[in-house]
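An overview of the molecular structure
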Amino acid sequence: MRVVAPDVHQLTGFPPNQINVYLVGDVLVDSGTASARRRVLRQLEGATLSAHVVTHAHPDHFGASHAICTTRGIPLWAGAHDVTAIETGAMQVPASPVAGALSRMPPPPAHPVDRALREGDEVAGFTVLEVPGHTPGHIALWREADRVLLCGDVFFHLGRVTKPPDFLTLDPERNRRSMQRLRALRPDLVLFGHGAPARRPVTHRHR
Ligand SMILES: [Zn+2]
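We now turn to the structure provided with this report. (Residues numbered from 1 in each chain as written. Predicted model: local features only at pLDDT ≥ 70, side-chain atom pairs only at ≥ 80, totals over all residues.)

Secondary structure summary: the protein chain contains 7 helices and 15 strands in total. For 207 residues, the compact-globule estimate of 2.2 N^0.38 gives 17 Å, and the C-alpha radius of gyration of the protein chain, at 15 Å, lies within 12% of that figure. Across its three principal directions, the C-alpha atoms of the protein chain cover 40 × 40 × 30 Å. With 207 residues in all, the protein chain has 43% of them scored as buried. (Helix = DSSP H or I, 4+ residues; strand = E, 2+ residues; numbered from the N terminus. Rg over C-alpha atoms; globule rule 2.2 N^0.38 Å. Buried ≥ 20, exposed ≤ 12 C-beta atoms within 10 Å, placed from the backbone.)

Encoded structure:
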C-alpha cells in the first residue's frame, strides 16, 4: 500500500486503481470483491485495525468484508440505509438486463453491521456525509482540515471524472445532487472507489 494523504493509505489493487481499498488511520474503508480477500488481508498484516467502514453495499466494495472482519475481529460500520443490503448480500441496482445477470451471480458473504453511520459521525478524523443515490445508504468521508474526500462511487474516475453508470445507480437524479454537494466542498484531493486519486479542481470541471 502507499500513502495518498496524511494518515491515508491506498492498498495495492490489480489492475491498479480499478477497485480501491483504503486504510484511514486504523479504519479499513471498503474491501474489494470477495476474491480480493487474501490480497487485502496480506497487505494489512502488521497494520492496527479498529473498524471496517463500507461506503456502500455493492459487491465490489463489501465483497471481502465478511472475511476481513472475521479474520481480524473488527466491527463493520456502514451507512444506515445500506445496512440491510450488507446484512443480506442483496444487490442494489436498477432493474435491467445487467441487474438480471448480476443477480444470478453469488452474492457477497453477508455480515452483521455493528454500527449504522449517520451524517456528521466521525470516523478516523473524517466526517461522515450521507450522499445517497448510487445506493440509498451511500456515505462519503470528508476531512475539512486538508480537504481530503473519499467519495466512494458518487463519482467514477476511469479515464476522467464522471457520474457512475446509470445501470449501477439506483437513483441517478439523487446521485446527481450528491455530486453537486461534494463538488461544492471544493476538495483538494479526491479518493475514488474506482480510479486514481485526483487533485483539485477535477471534480469542479466535469459533470
Ligand atoms: Zn458501487
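From this point on, the discussion continues.
This part covers the environment of Val24. With respect to the helices and strands, Val24 occurs in strand β3 (residues 22–24). Of the residues examined, Val24 has 22 C-beta atoms within 10 Å and is grouped as buried. Setting aside its immediate chain neighbours within four residues, Val24 contacts Asp7, Val8, Val29, Ala124, Phe126 and Leu141. (Contact = placed C-beta atoms within 7 Å.)

Turning to helix α3 (residues 65–72), a few remarks are in order. Looking only at α3, the buried set comprises Ser65, His66, Ile68 and Cys69. On its buried face, α3 sits against β4 (27–29), α1 (37–43), β5 (51–54), α2 (59–62) and β6 (76–79). Once α3 finishes, Gly73 follows within two positions and takes phi at roughly 65°, a positive value.

Reading across from one edge, β8-β9-β10-β11-β14-β15 is the order of the 6 strands in this open sheet, with mixed pairing throughout. Each edge of the open sheet carries a strand with a single partner, namely β8 (122–123) and β15 (198–199). Here strand β9 (residues 126–130) pairs with strand β10 (residues 139–143) via 4 bridges, running antiparallel. By the bridge assignment for β10, Leu129 is matched with Ala140. (Pairing = 2+ DSSP bridges.)

Tyr22, Ala78, Ala140 and Cys151 are the most contacted members of the largest nonpolar core, which has 46 residues in total. By residue number, the principal contributor to this core is strand β11 (residues 148–152), which donates 4 residues. Each residue touching Tyr22, except ones within four places of it in the same chain, is listed here: Val8, His9, Gln10, Leu11, Val29, Asp30, Leu150 and Leu191. (Core = buried A, V, L, I, M, F, W, Y, C linked by C-beta atoms within 7 Å.)

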